[in-house]
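# Examination of the molecular architecture
Read off the chains here:
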Amino acid sequence: MASAGAEPARRAAEGWAERLLAGEKRALARLITLIEERDPAASDVLRLLHPRVGQAHVVGVTGAAGAGKSTLITALARELRARGPSVAVLAVDPSSPLTGGALLGDRIRLGDLSTDPGLFFRSFASRGHLGGLSRAVADAVRAVDAAGYQAVLVETVGAGQSEVEVSELAHTTLVVLAPNLGDDVQAAKAGLLEVADVFAVNKADLPGARETAGEIRAMLGLGPARPWTPPVVELSARTGEGVAGLLEALERHRDFLVASGRWGEKLRRSAAHQLRDLLGEELLRAALARLEAEGSWQAWVEAVARRERDPYTLSEELARRLLAGATGRPRGEGEARGL
Ligand SMILES: Nc1nc2c(ncn2[C@@H]2O[C@H](COP(=O)(O)OP(=O)(O)OP(=O)(O)O)[C@@H](O)[C@H]2O)c(=O)[nH]1
Ligand SMILES: [Mg+2]
């Protein structure tokens, strides 16, 4: 159905998508803000970007608080930029005092990188978010991917501790550990071992990194043989020692995904997930609009509140009838009728 504002809205979205594809960071940043606010204008732009999505290597960076994820991402971004690829960093709920989620903090952290046209940085606060953070981050990943960033680094806290499950979003999940954080226990507990494609044992400039790396390798050795054994890379994000080796491990994992067909599989899984998500939302919106338009919504609500109907059976019944094209009304509110 075309509304009065549809044509100008479409033209605005087209102009916007063009600016974004031309590399305008402000257009990208604004789109991500609208994604966060769940503004329908964001979908108008994302719709146009869809054909461009699917090229970037998305690396999810997770691990315990204070393990050095942010510091390592900065070091990785610097190394990538030195080699050429453009980088987008999306940080979910950056909790350390170092980043604080504040723009000023980001600028200090990124230093010279903050003016690099090949680097895009954005943080997401999970506190006070109106739900759907996971969707917002997934859409933001799509936006930076379409914008042409070749590597996307997404920082979240450890598995199960955040609404955003990074392994769902990423091609490669990088788990960052550090000595003396009780990380070996943490890894087993939080299921990090299961999600990790690559391990980084950070803070190798401090004592204990070798032991932590050894424990992880021992744990990995216990399981059955796998097509991909996660490499365990010791490094120091602070000094930069070992960061190049980590980058190579990440690239090897990407090559493995492509060669084994898992890259394509991931694209299909993500397409199924996204389509299911959007379809669910669309169906719910259409169902509610229909029930409200025919004036039966309030009557059904009353029937459930008065305990005349149970919502379990009723919702199944309504869904069946809506899909068949008819909804009816509660008994006593008029005859059931087709629409
Ligand atoms: N010695 C040493 N300290 C490091 C290294 N990497 C990070 N740190 C320090 O560890 C602390 C935490 O680093 P962050 O990068 O903020 O860690 P994070 O995992 O992002 O923390 P959250 O976002 O709060 O979960 C900071 O004080 C860093 O300076 C390293 O390689 N060696
Ligand atoms: Mg951090």
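Predicted, not measured: the structure shown is a model, and the values here were computed from it.

This next bit is on the confidence of the model for the protein chain. Confidence in the prediction of the protein chain, expressed as mean pLDDT, is 86, and 84% of residues score 70 or more. Looking over the protein chain, one finds the lowest element-wise mean pLDDT in helix H5 (residues 103–110), namely 54, and the highest in helix H11 (residues 243–260), namely 98. In the model, residues 333–339 has pLDDT below 50 throughout and makes 17 contacts with residues more than four positions away in sequence or in other chains.

Judged by pairing direction, the sheet is parallel, and its seven strands sit side by side in the order S3-S2-S4-S1-S5-S6-S7 without closing on themselves. Both edges of this open sheet fall to strand S3 (119–124) and strand S7 (232–234), since each of them pairs with a single strand only. Strand-to-strand twist of the sheet, defined as the mean angle between neighbouring strand axes without regard to direction, takes the value 20 degrees. Here strand S1 (residues 57–63) pairs with strand S5 (residues 172–177) via five bridges, running parallel. The partner of Val-59 across the bridge, within S5, is Thr-172. Running over the sheet, helix H6 (residues 133–146) touches S1, strand S2 (87–92), S3 and strand S4 (151–155) and is turned about 170 degrees from S2. Contacting S5, strand S6 (198–201) and S7, helix H10 (residues 209–222) crosses the sheet at an angle of about 175 degrees to S7.

Taken together, Ser-70 (OG) and Glu-155 (OE) make up the full set of protein donors to the magnesium ion (ligand 2), lying 2.1 Å away. Of the two residues, Ser-70 is situated in helix H4 (residues 69–83) and Glu-155 in strand S4; the sequence distance between them amounts to 85 residues. The exposure class of Ser-70 is buried, given its relative accessible area of 8%. Taking relative accessible area as the criterion, Glu-155 reaches 6% and is therefore assigned buried.

Here the focus is the packing of aromatic side chains. Using the criterion set out here, one finds two aromatic pairs in the structure. Measuring from ring centre to ring centre gives 6.0 Å for Phe-120 and Tyr-149, while their planes differ by 40 degrees; the resulting arrangement is tilted. Highlighted residues: Phe-120 in strand S3 and Tyr-149 in the loop between H6 and S4, separated in sequence by 29 residues. For Tyr-149, a relative accessible area of 7% puts it in the buried group.

Counting across every chain of the model gives 22 salt bridges. Residue Arg-81 is joined to Asp-116 by a salt bridge in which the shortest nitrogen-to-oxygen separation is 2.7 Å. With a gap of 35 residues between them, Arg-81 in helix H4 and Asp-116 in the loop between H5 and S3 connect regions that are remote in the sequence. Here Asp-116 falls in the buried class, since its relative accessible area comes to 13%. For Arg-306, the salt bridge is made with Glu-308, and the minimal N-O distance between the two is 2.6 Å. For Arg-306, a relative accessible area of 45% corresponds to the partly exposed category. Sharing partners across several salt bridges, the network here consists of Glu-7, Arg-10, Arg-11 and Glu-14.

Each value, and the rule that gives it
Residues numbered from 1 in each chain as written. Chains lettered and ligands numbered in written order. Predicted model: local features only at pLDDT ≥ 70, side-chain atom pairs only at ≥ 80, totals over all residues. Heavy atoms only, no water. pLDDT = per-residue confidence, 0-100. Helix = DSSP H or I, 4+ residues; strand = E, 2+ residues; numbered from the N terminus. Contact = heavy atoms within 4.5 Å. Pairing = 2+ DSSP bridges. Axes fitted to C-alpha atoms, helices over the stretch in contact; angles between N-to-C directions. Donors = N, O, S within 2.8 Å, 3.2 Å for Na, K, Ca; no water. Buried < 20%, exposed > 50% of the residue type's maximum accessible area, 1.4 Å probe, protein only. Phe/Tyr/Trp six-rings, centres within 6.5 Å; stacked < 30°, edge-to-face > 60°. Salt bridge = Lys/Arg side-chain N within 4 Å of Asp/Glu carboxyl O.

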